[in-house]
Amino acid sequence: MDDKENLPILSNSVEQVTADLHRHYNFTLGRFDSDDMNGYMMTALALTIRDRLMDRWRITKLRGSRHNVRKVMYLSLEFLLGRSLSNAILNLDMEESIRGALADFGSKLEEIESDEKDAGLGNGGLGRLAACFMDSCATLGLPVIGYGIRYEYGMFHQSFQEGRQVEQPDHWLIGGNPWEIERPGHTRRVRFYGKTEYYNNDSGRLCARWINTQDVLAVPYDMPIPGYKNDKVNTLRLWKAAATDEFNLQEFNAGDYADAVAEKNLAEQITMVLYPNDSSENGKELRLRQQYFLASASLQDVIADWVMLNGEEFNDFDQFNCFQLNDTHPTLAVAELMRLLIDDHGIGWDEAWRITTRTMAYTNHTLLPEALEKWPVRLFRELLPRLLDIVFEINARFIAEVAHRWPGDTQRQQRMSIIEEGDEQYVRMAYLAIVGSFSVNGVAALHSQLLTTGLFKDFYELWPDKFNNKTNGVTPRRWLSHCNPNLGSLLNEAIGDGWRTDLTELEKLRPLADDTEFQKRWFDVKQRNKLPLIERVKDKCRVDFSVDSLFDVQVKRIHEYKRQLLNILHVIHLYDRITRGDTEGLVPRSVLLGGKAAPGYALAKLIIKLANNVATVVNSDETVSPWLKLAFLPNYRVTSMEVICPGTDLSEQISTAGKEASGTGNMKFMMNGALTIGTYDGANIEILDAVGADNFFLFGLRVEDIPSFRMQHDANAIIAEDHDLNRVMQLLECGHFNMFEPGIFDPIIQTVRNPQDQWMVAADFRSFIDAQQDVNVAYKNRSRWVRSSILNTAASAQFSSDRTIAEYARDIWKLPL
Ligand SMILES: *Cc1c(COP(=O)(O)O)cnc(C)c1O
């Protein structure tokens with residue numbers, strides 16, 4: 001094996017890049033006529049860039065594997081990567097030479113980039129966080145390996161039929177994925193079903209083994225993760241399920257060869273599709289299989305490497321390995337590491353537990369009870385019998401510890417038990433994660449605090465030192481440098497280009513915020529950035545946004561707690577005002593919504609239908625359209641956000657207080673100079689803190705106000721007393737937006753009127769409308785608005801995922817920076 005560490009590396013000259021492009025196009029891909037270039041040119045370019053990643057990748061790996069180096073494994077069921085081509089060009093600094101080379105083919109880089117499909121291997125914020133983290137880890141030069149699943153079908157494609165969401169499968173791998181390298185030599189075997197057998201080993205010790213299992217192979221596909229201009233390339237390893245060959249043989253002998261081969265599908269089902277639920281779990285067996293498949297394959301992978309270097313000596317395993325669990329989805333890793341250490345490597349329980357609990361760290365992403373995973377013990381026992389033994393043993397020892405600490409407090413023991421008792425027993429995955437980890441973190445200051453006083457209060461009392469906060473961030477490479485080159489150039493001219501690696505340099509903008517000449521240039525950039533967004537909305541929604549209007553945007557998964565409904569009620573209120581001729585103090589607005597609803601979430605899908613129906617009425621009324629436009633952009637994904645956030649004036653972050661753990665969309669918008677209208681929730685609070693109350697439109701109840709407010713106020717009374725809200729409800733209730741489909745919006749009307757409405761839509765309506773009126777006033781004063789916009793970007797440094805990852809490295813991972 002080539003052991004050279006010097007970077008040699010293929011030249012980036014236009015000549016060399018041109019030659020490589022030709023070679024890949026003609027020889028690797030076998031293309032000969034240049035009028036059939038579509039798509040293939042994208043692949044040829046990706047392969048040309050991949051060649052340049054390879055040496056850097058090999059050297060990064062070599063440095064991390066020759067001797068023990070402390071490393072971190074980021075375990076996540078989701079990595080919402082989006083496109084890789086433009087990101088690789090940016091991070092390898094190849095734009096100039098590639099543009100030069102493409103000129104030779106008569107191709108434009110933008111057109112080729114648009115041929116790449118998004119890798120949509122995630123639902124929303126949680127999956128995109130994992131992708132931003134991978135970029136920051138590589139850029140900071142940290143030895144962090146991502147482990148995930150290579151879903152054949154990623155997040156579904158969304159379109160609308162008569163305003164209703166239609167889901168279509170996203171076969172993103174069709175046409176090949178030029179970024180992945182299959183590594184069949186590192187295939188692992190994952191077991192399911194069967195039973196536990198006890199036996200005495202050679203030294204007479206009672207041991208367990210898992211027998212009569214049905215096995216599935218895990219084949220790794222590696223994706224390169226380039227750091228920003230630092231010659232580092234980290235690895236994202238995605239597992240694909242494949243059938244073993246053994247069972248075929250038995251069936252073959254029975255004469256059912258074809259049926260036996262067809263059975264392969266059963267095994268390969270495991271990695272077929274991403275579950276499209278964001279912030280809710282649906283308890284399907286296949287999902288549990290996916291979770292165990294990821295945990296087991298990844299742990300076996302790490303242990304195999306360990307054994308290669310250290311033999312069967314696991315004493316120091318925890319000094320060199322750390323697993324970060326992205327939510328509870330990969331939490332079976334706790335039980336699986338115990339199993340591997342005890343059953344396969346002959347380590348005793350106490351030592352195995354010491355190693356495990358010094359190795360695992362858990363990130364919580366939600367306070368919503370419906371999102372907390374629990375698996376029926378019955379299902380768990382059937383699918384993973386040996387793992388269930390281990391979970392029960394972990395729980396028995398844990399409950400003994402609780403009993404020792406709080407003698408006689410049996411209620412507390414029941415509350416804290418990993419096993420929920422009742423008609424049906426469940427395994428509480430969050431509790432297993434807490435008990436098995438040395439670190440538990442939330443993702444924004446408020447969220448982490450609420451965890452210790454609410455959901456995990458008992459655990460906080462037992463282990464206060466485990467709990468910590470790591471406020472989320474986003475990578476400024478994708479979410480500023482790449483997506484907003486116009487602003488990037490202006491920043492370079494104004495404050496130099498140090499901000500690209502050290503975002504705190506954006507602070508240098510502050511003195512320029514009052515500079516009229518600079519304000520003008522800043523405004524021009526925003527207006528220019530609106531043009532591609534206007535094009536997209538026109539193309540996808542057949543709606544014309546005016547560049548002179550205020551761009552008011554809410555894009556994110558559709559969920560009641562995110563309150564797209566409150567946004568729509570505001571639009572209906574504006575519509576009502578304008579049709580009455582009351583346009584005093586208004587500014588022309590273009591309201592953009594986007595986001596997918598989980599296919600089984602009926603109310604979220606109805607909210608999409610309502611938005612589309614309201615859009616039809618608003619946009620076709622000629623007295624209204626000079627003032628107000630509404631569009632729902634179909635198929636919101638990473639690539640659409642790259643066009644949306646640079647052109648946005650106003651970022652809607654309007655979740656019910658205490659429900660949004662952090663949010664990261666809020667950070668992308670702020671970085672690109674949008675002002676936020678938002679509740680006191682998640683990372684909004686930290687954004688407000690950083691930018692100051694003058695540059696943020698705060699509204700709504702705070703989390704501590706909600707319980708007493710609910711006792712004293714009834715939604716129907718609020719509606720009756722608020723003239724504007726009453727009119728909005730009347731428009732909804734008289735069927736103004738559903739003339740030909742009477743009654744379809746009744747479920748929505750009922751949630752707003754529900755005295756029990758936990759999302760507080762009616763309760764926050766007045767405060768929201770007033771804040772929106774403040775927005776109108778602020779936008780009319782261009783100098784004031786632009787000043788705020790500049791200050792938002794200037795204060796966005798702390799929302800770089802580089803800052804977040806530096807904190808993980810220092811506080812949890814103990815990796816030197
Ligand atoms: C950033 C991002 C999210 C998260 O948005 P929130 O507003 O924080 O919910 C979801 N989906 C995509 C495609 C994103 O880029």
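Look above for the structure.
Structural notes, computed from the coordinates. Predicted, not measured: the structure shown is a model, and the values here were computed from it.

Focus on the overall build of the protein chain
Argument step 1. Looking only at helices and strands, the protein chain features 34 helices and 25 strands.
Argument step 2. Here the C-alpha coordinates of the protein chain stretch approximately 90 × 75 × 60 Å along the principal axes.
Argument step 3. Among the 817 residues that make up the protein chain, the fraction classed as buried is 60%.
Argument step 4. Residue pairs at least 24 apart in sequence account for 77% of intrachain contacts in the protein chain once pairs closer than 6 positions are excluded.

Notes on the packing of helix α23 (residues 564-579) against helix α32 (residues 761-780)
Argument step 1. It is the contact of α23 with α32, at a shortest axis distance of 10 Å, that shows an interaxial angle of 60 degrees. Regarding the angle of α23 to α32, the classification is oblique. Judged by the twist between their axes, the crossing of α23 over α32 is right-handed. Contact with α23, carried on its side by L566, N567, L569, H570, H573 and R577, involves V761, D764, F765, F768, I769, Q772 and Q773 of α32 and no other residues of that element.

Topic: the nonpolar core
Proteins that are soluble and globular tend to have nonpolar side chains buried together.
Argument step 1. Counting 144 residues, the largest nonpolar core has I49, F192, L384 and W813 as its most contacted members.
Argument step 2. Element by element, the count of residues in this core is highest for helix α10 (residues 285-310), at eleven residues.
Argument step 3. Ignoring anything within four residues of it in the chain, the contact list for W813 reads R70, V72, Y74, C137, V144, C322, Q324, I805 and Y808.

Let's talk about the sheet that holds strand β24 (residues 675-678)
Argument step 1. Judged by pairing direction, the sheet is parallel, and its six strands sit side by side in the order β22-β21-β20-β23-β24-β25 without closing on themselves. Of all the strands in the sheet, just β22 (628-633) and β25 (697-698) have a single pairing partner and so form its edges.
Argument step 2. Across six bridges, the pairing between strand β21 (residues 589-594) and β22 is parallel. Each residue of the ladder has a partner; that of L593, found in β22, is F632.

A look at empty space enclosed by the protein
Argument step 1. On inspection of all chains with the given rule, the structure shows six cavities of 30 Å³ or more.
Argument step 2. What the largest cavity holds in volume is close to 230 Å³.
Argument step 3. Lining the largest cavity are 18 residues, with L81, S84, N87, I225 and R478 positioned closest to its centre.
Argument step 4. Among the secondary structure elements, those contributing two or more residues to the lining of the largest cavity are β2 (79-82), α3 (85-92), α6 (125-139) and β11 (214-226).
Argument step 5. The residue makeup of the lining of the largest cavity, split by class, is ten nonpolar, four polar and four charged.
Argument step 6. Counting residues per element, the ones that place at least two in the lining of the second largest cavity are α28 (706-712), α29 (715-721) and α32.
Argument step 7. It is α32 that provides the largest number of residues to the lining of the second largest cavity, a total of three residues.

Some remarks on the sheet that holds strand β17 (residues 426-428)
Argument step 1. Strand order across the open sheet formed by three strands is β15-β17-β16, with antiparallel pairing between neighbours. In this open sheet, the two edge strands, each paired with only one partner strand, are β15 (374-376) and β16 (419-420).
Argument step 2. Judged from the three bridges that link them, β15 and β17 form a sheet pairing that is antiparallel. Bridged to K374 within β17 is R428.
Argument step 3. Running over the sheet, helix α17 (residues 429-436) touches β15 and β17 and is turned about 45 degrees from β17.

Here we look at helix α15 (residues 385-405)
Argument step 1. Along its 21 residues, α15 runs 31 Å from first to last C-alpha, staying within 8% of the 30 Å computed at 1.5 Å per residue.
Argument step 2. Among the residues making up α15, those that are buried are P385, R386, L387, L388, I390, V391, I394, N395, F398, I399 and V402.

Focus on unusual backbone geometry
Argument step 1. The phi dihedral of N212 falls on the positive side, at around 55 degrees, and the residue is not glycine.
Argument step 2. Checked against the element boundaries, N212 lands in the loop between β10 (206-211) and β11.
Argument step 3. Since its relative accessible area comes to 60%, N212 is described here as exposed.
Argument step 4. The residue S279 is not glycine, and still its phi comes out positive at about 55 degrees.

Some details on the site of the ligand
Argument step 1. In the vicinity of the ligand there are 13 residues, among which K556, K562, T664, G665 and K668 approach most closely.
Argument step 2. Between the ligand and G665 there is a distance of 3.0 Å, counted from an oxygen atom to a backbone nitrogen or oxygen.
Argument step 3. Separating an oxygen atom of the ligand from a side-chain N or O atom of K668 is a distance of 2.6 Å.
Argument step 4. Relative to its free-state accessible area of 390 Å², the ligand is covered by the protein chains to the extent of 96%.

Quick look at the packing of aromatic side chains
Argument step 1. Tallied over the entire structure, the rule returns 23 aromatic pairs.
Argument step 2. Ring centres of Y74 and F133 lie 5.8 Å apart, and the angle between their planes is 75 degrees; this geometry places the pair in the edge-to-face category. Note that Y74 is positioned in strand β1 (residues 71-75) and F133 in helix α6, a separation of 59 residues in sequence.
Argument step 3. Judged by its relative accessible area of 2%, Y74 is buried.
Argument step 4. A centroid spacing of 5.8 Å and a plane angle of 50 degrees characterise the contact between F518 and W522, whose relative ring orientation is tilted. Taken together, the positions of F518 and W522, both in helix α22 (residues 516-541) and four residues apart, correspond to about one turn of that helix.
Argument step 5. Overall, W522 belongs to the buried group, its relative accessible area being 3%.
Argument step 6. Aromatic rings pair up to connect Y74, F133, Y808 and W813 into one cluster.

Focus on the pairing of β1
Argument step 1. Among the five residues of β1, five are classified as buried, and the element is accordingly described as predominantly covered.
Argument step 2. The two faces of β1 match: K71, M73 and L75 on one face and V72 and Y74 on the other face are all buried.
Argument step 3. Two strands pair when backbone bridges link them, and β1 and strand β13 (residues 321-326) are joined in this way by five bridges, in the parallel orientation. Bridging across to β13, M73 finds its partner in F323.
Argument step 4. Relative to strand β4 (residues 144-149), β1 runs parallel, the two sharing four bridges. Across the sheet, residue Y74 finds its bridge partner in β4, namely G146.

Digging into the side chain of T664
Argument step 1. The topology assignment puts T664 in the loop between β23 (650-653) and α26 (665-671).
Argument step 2. Residue classification places T664 among the buried positions, given a relative accessible area of 9%.
Argument step 3. Other than its neighbours up to four places away in sequence, T664 contacts G125, L129, N472, G473 and V474.

Rules and cut-offs
- Residue indices begin from 1 for each chain and proceed along its sequence in written order.
- Only residues with pLDDT of at least 70 get local features here, since the model is predicted, and only at 80 or more are side-chain atom pairs given and counted; chain-wide, interface and lining totals rely on the full set of residues.
- The side-chain quantities take in all heavy atoms of the structure and omit both hydrogens and water.
- Each helix is a run of H or I in the DSSP string that is no shorter than four residues. Each strand is a run of E no shorter than two, and both are numbered from the N terminus.
- Note on exposure labels: buried denotes an accessible area under 20% of the residue type's maximum, exposed denotes more than 50%, and partly exposed covers the range between, all computed with a 1.4 Å probe on protein chains only.
- In this analysis, two residues are considered to be in contact whenever any of their non-hydrogen atoms come within 4.5 Å of each other.
- For helices, the fitted axis covers only the stretch in contact; all axes are lines through C-alpha atoms, and the angles between them, taken along N-to-C directions, range from 0 to 180 degrees.
- For classification purposes, an angle smaller than 35 degrees is called roughly parallel, one larger than 145 roughly antiparallel, one from 65 to 115 roughly perpendicular, and anything else oblique.
- Crossing handedness is read from the near helix: turned anticlockwise from the far helix by less than a right angle, it gives a left-handed crossing, and turned clockwise, a right-handed one.
- Note on terminology: a nonpolar core comprises buried Ala, Val, Leu, Ile, Met, Phe, Trp, Tyr and Cys residues joined through side-chain atoms within 4.5 Å.
- At least two DSSP bridges between two strands are required for those strands to pair.
- A pocket here means an open set of points on a 1 Å grid, computed over the protein atoms alone, that has protein on both sides within 12 Å along at least five of seven lines. A cavity is instead a set of points where a 1.4 Å probe fits but cannot get out; residues with an atom within 4 Å of a point line either one.
- Grid points are joined across faces, edges and corners, and a volume is the space filled by probe spheres set on the points.
- In this classification, Asp, Glu, Lys and Arg are treated as charged, Ala, Val, Leu, Ile, Met, Phe, Trp, Tyr, Cys and Pro as nonpolar, and every other residue, Gly included, as polar.
- In this analysis, the expected span of each helix is defined as 1.5 Å times one less than the number of residues it contains.
- Think of it this way: one heavy atom of a residue within 4 Å of a molecule or strand is enough to make that residue near it.
- By the criterion applied in these results, polar contacts are pairs of N or O atoms within 3.5 Å in which, for protein atoms, one can donate a hydrogen and the other can accept it, and in which residues neighboring in sequence qualify only through two side-chain atoms.
- We get accessible surface area from the Shrake-Rupley algorithm with a probe of 1.4 Å; when it comes to residues, only the shown protein chains can shield them.
- Two aromatic rings from Phe, Tyr or Trp, using only the six-membered ring of Trp, form a pair when their centres are within 6.5 Å; if the ring planes differ by under 30 degrees the pair is stacked, by over 60 it is edge-to-face, and anything between is tilted.

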